[in-house]
Every structure is written in C-alpha cells, then in structure tokens.
Amino acid sequence: MELRKGLEDIAIKETSITFIDGELGRLYYRGYSIFDLASFSNFEEVAYLIWYGKLPTRHELEDFKSRLAEERGVSEDITSFVVRTSKQGNPMDILRTAVSMLGLEDRQEGDFIGKAIRITAKIPTIISLIQRSRNNQEFLEPDLSLSHAENFLYMINGTKPNAQDSRVLDVALMLHMDHEMNASTMACLVVASTLSDIYSSVVAGISALKGPLHGGANSEALKQFMEIGSPDNVEKYVMGKLSSGQRLMGFGHRIYKSMDPRAKILKEYATRMAKNEEINRLIEIAMKVEEVGIKVLGRRGIYPNVDFYSGLVFYSLGFEQDLFPTIFASARVIGWTAHIDEYLKDNKLIRPKAIYVGDLGKRYVPIDER
Ligand SMILES: CC(=O)SCCNC(=O)CCNC(=O)[C@H](O)C(C)(C)COP(=O)(O)OP(=O)(O)OC[C@H]1O[C@@H](n2cnc3c(N)ncnc32)[C@H](O)[C@@H]1OP(=O)(O)O
Ligand SMILES: O=C([O-])CC(=O)C(=O)O
C-alpha cells in the first residue's frame, strides 16, 4: 500500500465548485475567475453562486439577501455565553462553541442550504459580540437594511461604514469563501460522510481552520510584522527565522507554487487603504518581508498565500488581531457547506487506511511484573 502523507495529491471527490491552477496562480468559483468576481461581484452574489451553482437573477438576489439578513440575530443564551467567555476565551473556541449551540437550538429537519444560510448570517453577529463585549462596548443589534459586509463592520465598529471599507470587506470575504479540498473542508466532509449533521460538520471545520498552518496563519502573519517593528529589521528577522528552521507565516501553500491570486488582490487593497502611521509601517514591513521571503523561498515555489495580507486588511477595518481566523471562518463556511452538500449527493464514508509499523504477537505482561 502506498503511503501518502497528508493525503497530498489524493482526490477524494469530483467537484464543480472550485478550480485552482496552482502553477499559474489562478482560482475559479463555479467557472468564474476570482479576479472578475473580486472586481464586479459582491458577498451575497458569490455566496449564492457557490451554493446554487449559478449567478442569481435580480429577483433571486433580492430574495436571498433578505433571507440572509433576517437570520442575523442570535439567542439570549448564545449572547450571554459569548459575553461571559469573551474576555478569556480564544475567539475560535468561542465561535466553535457558539455554532455548536446553534445546532442545539435548531430543531428543524432538512433544508440543508437554509441551515447553511442561518449559520453564515449569525457568525458575524457572534464575532462582533466577542470584540465589543470584551472591550466593554454595548452590543448592537444587526441592521437588516445593510448588506452582509456593511452590517458586519457596523456591528464591529459601532458606526455605519463608508463605501470603501464595506467594499474592501466584501471582496476579502469573497476571496475566502472556498478553496477546494483544504484541511478544514476535508474535516467537515469526514464528519458529514458519517451522516452526522451540518452543525457538527461546521464545528469540525472551525476546529481545523484554527491551526496556524491553516486559517490561524492570518493572525500569526500580522503578529510577525508587529514583532519586526521596522522595515530595517526585516532582512535579519526573516533570515534568522528561516535559518533556525522556523516558517514564515503567510508563506507557502500545498497547491500554489506561485503567488496566490488572492494575496495579489489583498495586497492591492491593503496598500490602497493605508490609514494611519502604524498601518502604513506594517504595510511597508509586509512588503519587505514579501521581497526577502520570495528571494529565499521563491525558487522552491514558496510564495505569499491568502493569509499574508488579509490580516492587514482586517486590522485596517477595525478587527482585533486574534479575531482574524473567525473572519476567515465567516466566509469559508459557505465553501464548507457547499462541499458537504455536493459530497452527500453521492456519499461514501471517509475512512482511509494507516500502514501498521508496530510489533505483533507481544506477550501480555501483568501489571506487577512490568
Ligand atoms: C489558508 C491557508 O491555509 S494558506 C496556508 C497558511 N499557513 C501558513 O502560512 C503557515 C506557513 N506555511 C506552511 O507551514 C506550509 O507552507 C503549509 C503547511 C501551508 C503547506 O505546506 P506543505 O505543502 O504541507 O509542505 P511542507 O509543510 O511539507 O513543506 C515543504 C517544505 O517547504 C518548507 N516550507 C513550507 N512553507 C514554508 C514557510 N512558510 N516558511 C519556510 N519554509 C517553508 C518546509 O519547511 C519544507 O521544507 P523541507 O522540505 O526542507 O522540510
Ligand atoms: O487550500 C488550502 O490548502 C488552504 C486554504 O484553505 C486556502 O488557501 O484558502
């Protein structure tokens, strides 16, 4: 039996959701280039596209937007749980538990996409509640007249966002929505393939996304830029890190062997929206890390990934650093649930093999003789 560590280059399903060309750095959702979607589309339209497989008509989009907006509220139980844990808890742990609570509260059978819409609509409310309650700021009810991205920013910052900021978040969320068979999507499918429920599967996705080799890297990348402190320190920091065998956070990818197209788009937004001295300095540092990192790692196909510039964008928009993986989850939940839906149409229990390398036939030794 062949051993494929990390299931590298193993396909577990056919899909019509996302295509990645890792050599050329191209990404498509349902056949549409991410560059076109980022230029012309918006969060609600792309969520619809990913779930339903086609772009909505005007009427379908309006209907879908209202459905998503109406689901934004969370129960008093969830609100009080988040408020109680927001000061000590890791935001991904809080989000994971809150989504688990959503599962307990949902007693309806069926309507898979309806449930996916419900989870997607409520995650920004939970995230905003974490940030505002730990800073002793009053909790704001969702504003149903605002778009998904506008309302997310409104609930975080307490003021209606300007058009540029809401457009930037809209695009950033679109870029994070799906990425074929990444670790967290795989985790969702492992759970879903046992015919468990959507909430349990999404909880598995959040758990996998939390790790610093996956969605947790966005927060680590910004931490890295903050630690570096000044563009003059970049060369020494990067060389020191790499020569001691550590990884540059926000660099490298299982599939991309060139620059991640989403990193290109996010870099453009990050530089365009530079706001204050701190953020301008962080952007300068990031661009220098990119330059030095590519000089050293580029020849091995290791380039900036989506997590390299996304943190700078989220930070500029008012999100606190440890919340970044939760923002990632708020968008990726669309890809997770679309892949679950697709997989369950032709389900097969996911159960790979392990190659046994231990001994056999050992004599059992009673405890007093050990
Ligand atoms: C949304 C996302 O999940 S995007 C990824 C976010 N994660 C990060 O940014 C964390 C840093 N990056 C990494 O750890 C990796 O690039 C991963 C885990 C994302 C993908 O890596 P894999 O395809 O599994 O490759 P693997 O971990 O085996 O690395 C291959 C080689 O490249 C090196 N490498 C990979 N990424 C990096 C990096 N960021 N910095 C330094 N070296 C790296 C490894 O050390 C390894 O070297 P070796 O062959 O000499 O041992
Ligand atoms: O695809 C992967 O392995 C990681 C991921 O989720 C992404 O890049 O968005």
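Residues numbered from 1 in each chain as written. Chains lettered and ligands numbered in written order. Predicted model: local features only at pLDDT ≥ 70, side-chain atom pairs only at ≥ 80, totals over all residues. Heavy atoms only, no water.

If you check an unreviewed UniProt entry, the protein chain appears there as Citrate synthase from Metallosphaera hakonensis JCM 8857 = DSM 7519. If you open the UniProt record of the protein chain and go to Sequence similarities (unreviewed entry), you find "Belongs to the citrate synthase family." (UniProt positions renumbered as here; feature names shortened; annotations may be inferred.)

Trainee: Before we go on, may I ask you to explain the nonpolar core in this structure?
Mentor: Generally speaking, soluble globular proteins have nonpolar side chains that are buried together. Counting 102 residues, the largest nonpolar core has Met-177, Phe-225 and Phe-319 as its most contacted members. In terms of residue count, the dominant contributor to this core is helix α16 (residues 324–344) (eleven residues). Formed jointly, this core draws a minimum of three residues from each of two domains, domain 1 (14–210 + 322–344) and domain 2 (217–316). Sequence-distant contacts of Phe-225, defined by excluding residues within four places in its chain, comprise Leu-282, Ile-285, Ala-286, Val-289, Phe-308 and Leu-312. (Core = buried A, V, L, I, M, F, W, Y, C linked by side-chain atoms within 4.5 Å. Buried < 20%, exposed > 50% of the residue type's maximum accessible area, 1.4 Å probe, protein only. Helix = DSSP H or I, 4+ residues; strand = E, 2+ residues; numbered from the N terminus. Domains from an automatic or database assignment. Contact = heavy atoms within 4.5 Å.)

Trainee: Explain the pairing of strand β2 (residues 26–29) here, please?
Mentor: It is a general feature of regular strands that their side chains alternate between the two faces of the sheet. Side chains Leu-27 and Tyr-29 of β2 all project onto a buried face; the interleaved residues Arg-26 and Tyr-28 project onto a face where none is buried. Here strand β1 (residues 18–21) pairs with β2 via four bridges, running antiparallel. Note on β2: the bridge partner recorded for Phe-19 is Tyr-28. The antiparallel hairpin formed by β1 and β2 contains four residues in its connecting segment, where Gly-25 sits at a positive phi of about 70°. Bridging between β2 and strand β3 (residues 32–33) involves two bridges; their strand directions are antiparallel. Along β3, the bridge assignment pairs Tyr-28 with Ser-33. (Pairing = 2+ DSSP bridges.)

Trainee: Explanation requested: the packing of aromatic side chains in the structure shown.
Mentor: Think of a pair of aromatic rings as described by two things: how far the centres are apart, and how the planes are tilted against each other in angle. In the structure shown here, the tally under the stated rule is eleven aromatic pairs. Judged by centre distance (6.1 Å) and plane angle (75°), the ring pair of Trp-51 and Phe-64 falls under edge-to-face. One end of the pair, Trp-51, is in helix α2 (residues 43–52); the other, Phe-64, is in helix α3 (residues 58–70), and 13 residues separate them in sequence. On the accessibility criterion, Phe-64 (3% relative accessible area) is buried. Look at Phe-308 and Tyr-309: their rings are 4.9 Å apart centre to centre, the planes differ by 80°, and that puts the pair in the edge-to-face class. Neither residue differs from the other here; Phe-308 and Tyr-309 are each classed as buried. (Phe/Tyr/Trp six-rings, centres within 6.5 Å; stacked < 30°, edge-to-face > 60°.)

Trainee: Explain the pattern of salt bridges to me, please; I cannot follow it from the model alone.
Mentor: As enumerated under the stated definition, the model contains 20 salt bridges in all. Linking Lys-210 and Asp-93 is a salt bridge whose minimum nitrogen-to-oxygen distance equals 2.9 Å. You can see Lys-210 sitting in the loop between α10 (198–209) and α11 (217–228) and its partner Asp-93 sitting in helix α5 (residues 91–105), a full 117 residues away along the chain. Owing to a relative accessible area of 31%, Lys-210 belongs among the partly exposed residues under this scheme. Assessed through its relative accessible area of 24%, Asp-93 is described here as partly exposed. Asp-106 is the partner of Arg-118 in a salt bridge, and the nearest nitrogen-oxygen pair spans 2.7 Å. With a gap of twelve residues between them, Arg-118 in helix α6 (residues 112–134) and Asp-106 in the loop between α5 and α6 connect regions that are remote in the sequence. (Salt bridge = Lys/Arg side-chain N within 4 Å of Asp/Glu carboxyl O.)

Trainee: What is the right way to read the site of ligand 1 from this model?
Mentor: With respect to spatial proximity, 20 residues lie near ligand 1, and among them His-214, Arg-247, Leu-248, Gly-250 and Phe-251 are the closest. Within the backbone of Leu-213, a nitrogen or oxygen atom sits 2.9 Å from a nitrogen atom of ligand 1. Within the side chain of Arg-300, an N or O atom sits 3.0 Å from an oxygen atom of ligand 1. In isolation ligand 1 offers 920 Å² of accessible surface; the protein chains occlude 69% of this area. For the shell around ligand 1, the class distribution of residues is eleven nonpolar, five polar and four charged. (Near = heavy atom within 4 Å. Polar contact = N/O pair within 3.5 Å; in protein donor to acceptor, adjacent residues only side chain to side chain. Areas by Shrake-Rupley, 256 points an atom, 1.4 Å probe, with all protein chains shown as cover. Nonpolar A, V, L, I, M, F, W, Y, C, P; charged D, E, K, R; others polar.)

Trainee: Would you take a moment to explain helix α14 (residues 277–297) for this structure?
Mentor: With 21 residues, α14 extends 30 Å between its outermost C-alpha atoms, agreeing within 8% with the 30 Å of an ideal straight helix rising 1.5 Å per residue. Listed as buried for α14 are Ile-279, Leu-282, Ile-283, Ile-285, Ala-286, Val-289, Glu-290, Val-292, Gly-293 and Leu-297. At the N-terminal end of α14, a side-chain oxygen is found 3.1 Å from the backbone nitrogen of Glu-278, two or three residues along, and the residue is Asn-276. (Expected span 1.5 Å × (residues − 1).)

Trainee: Can you help me understand the packing of α6 against α10 in this one?
Mentor: Helix packing for two helices is described by the angle between their axes and how far apart those axes are. In contact at an axis separation of 11 Å, α6 and α10 are set at 45° when each is read in the N-to-C sense. Comparing the axis directions of α6 and α10 gives the class oblique. Considering the relative orientation of α6 and α10, their crossing is right-handed. On α10, the residues touching Phe-112, Lys-115, Ala-116, Arg-118 and Ile-119 of α6 are Ile-198, Tyr-199 and Val-202. (Axes fitted to C-alpha atoms, helices over the stretch in contact; angles between N-to-C directions. Parallel < 35°, antiparallel > 145°, perpendicular 65-115°, else oblique. Left-handed = near helix turned anticlockwise from the far one by under 90°.)

Trainee: How should the environment of Lys-122 be read in this particular structure?
Mentor: Assignment of secondary structure puts Lys-122 in helix α6. Accessibility expressed as a relative area gives 10% for Lys-122, which makes it buried. The sequence separation of Lys-122 and Gly-229 amounts to 107 residues, and the corresponding C-alpha distance is 36 Å. Beyond its immediate sequence surroundings of up to four residues, Lys-122 is in contact with Glu-71, Arg-72, Gly-73, Val-74 and Leu-102. At 2.8 Å, the side chain of Lys-122 forms a polar contact with the backbone oxygen of Glu-71.

Trainee: Would you take a moment to explain the sheet that holds β1 for this structure?
Mentor: Each strand in a sheet pairs with another by means of backbone hydrogen bonds, the pair being arranged parallel or else antiparallel. With antiparallel pairing, three strands are arranged side by side in an open sheet as β1-β2-β3. Of all the strands in the sheet, just β1 and β3 have a single pairing partner and so form its edges.

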